[in-house]
Structures are given as C-alpha cells and as structure tokens.
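Examination of the molecular architecture
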Amino acid sequence: MTIRIWNIADQQVKFTLCGHTDQVFSLAWSLDGKYCATLCKDQRLRVYNPRSQPEPINEGSGPGGRGGHISWVLDGWYLFVSGFSKTSERQISLYSVEDLASPVASIGLDVSPSILVPYYDEDSATVFLTGKVGFVFLLHTWFVCITNN
C-alpha cells in the first residue's frame, strides 16, 4: 500500500510513501513540514522525509492493530501515539523519533471501543485527548515533558 501526496494546484502526485502493508490509521506532519509520521494497522510506526525518499527513514513497533492517532510533540523530537494494547485497553505512548523500537513511556487508560484523538498545544506542551465513553465525550489533559534524571 502507498500514500500519495498531491499538489492540488497542478493535480499532480508530488510524493509517494511506500512500506505500508495494511490500512493507514493516521498521518501527521512535523511542525516544520519536513517529516511525516504514519501509524498503520500492521502495528508499525513510520517516519518519512518525503522530499528525499519514498521509504521510511525510521520504523518501529506501534500499538495494537485496532486504530490509533499520532501527533508530533516537543519540538518534533517525539511522537505521541494513542491506540490500543493487545488486550484492547486504550493506551497512550510517547516515542522518540530517533528510536521507534519501543516507547519512552506508555500508560494504559481504560477499556473502551472508541479511539482517543490527541491535540497538541506546543505553547504549553499539553496534549488534549478527546474520546467517547458510552454517550459521554471525555477530555483528558496530559502535560508532556522529558527530564534528565
């Protein structure tokens, strides 16, 4: 499977991203627009530099294959991922863009069928998660920081 990025003005494909073996759940551009990251049903995270090559420049394990969303945080050095564990627990994880092999941190939240959608506020380094539980919409707030202890 491939992702095609089009220039709408001239109706031409500008970039093609290869390497996906299943449905792509989420794609997010870095704040500077140089890189993009994808989260796929094949449980893989991929980071691309689409202007230089169609293959991922970094790849690693992501959450279970039931859906998820991805967002760039902390000046583009980390990826915030919401998804599901193998036991269907909603979870959030923080990955270093330089090492996608395993998350820097991961938290299991609850069991619910709805996906949590992250919105990152770079001024306050806060991630807002929205999601549905039954007939109620919830908003979770997470402050994202990395400390050297």
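Further up the page is the structure itself.
In this report, we go over the structure that sits alongside the text.

Conventions used here
Residues numbered from 1 in each chain as written. Predicted model: local features only at pLDDT ≥ 70, side-chain atom pairs only at ≥ 80, totals over all residues. Heavy atoms only, no water. Pairing = 2+ DSSP bridges. Helix = DSSP H or I, 4+ residues; strand = E, 2+ residues; numbered from the N terminus. Axes fitted to C-alpha atoms, helices over the stretch in contact; angles between N-to-C directions. Buried < 20%, exposed > 50% of the residue type's maximum accessible area, 1.4 Å probe, protein only. Contact = heavy atoms within 4.5 Å. Polar contact = N/O pair within 3.5 Å; in protein donor to acceptor, adjacent residues only side chain to side chain.

Glancing now at the sheet that holds strand 5 (residues 44-48). Taking strand neighbours across the sheet as the criterion, the 4 strands line up as 3-4-5-6 in an open arrangement whose pairing is antiparallel. At either end of the open sheet lies a strand with only one pairing partner, and these are strand 3 (24-29) and strand 6 (58-61). If you compare each strand with its neighbour and ignore which way they point, the axes differ by 15° on average. Where strand 3 meets strand 4 (residues 36-40), 5 bridges bridge the pair, whose relative direction is antiparallel. Paired with Ser26 across the bridge in strand 4 is Leu39.

Its place among the elements puts Gln91 in strand 9 (residues 89-96). With a relative accessible area of 15%, Gln91 lands in the buried category. Setting aside residues up to four positions removed in sequence, Gln91 forms contacts with Pro63, Val81, Ser82, Gly83, Phe84, Ser85, Ser106, Ile107, Gly108 and Leu109.

In this fold, His20 is placed in the loop between strand 2 (12-17) and strand 3. A distance of 2.9 Å separates the side chain of His20 from the side chain of Thr38, its partner in a polar contact.

Right, let's talk about unusual backbone geometry for a bit. Non-glycine residue Gln43 carries a positive phi angle of around 65°. Residue placement: Gln43 occurs in the loop between strand 4 and strand 5. With relative accessibility at 30%, the residue Gln43 sits in the partly exposed group.

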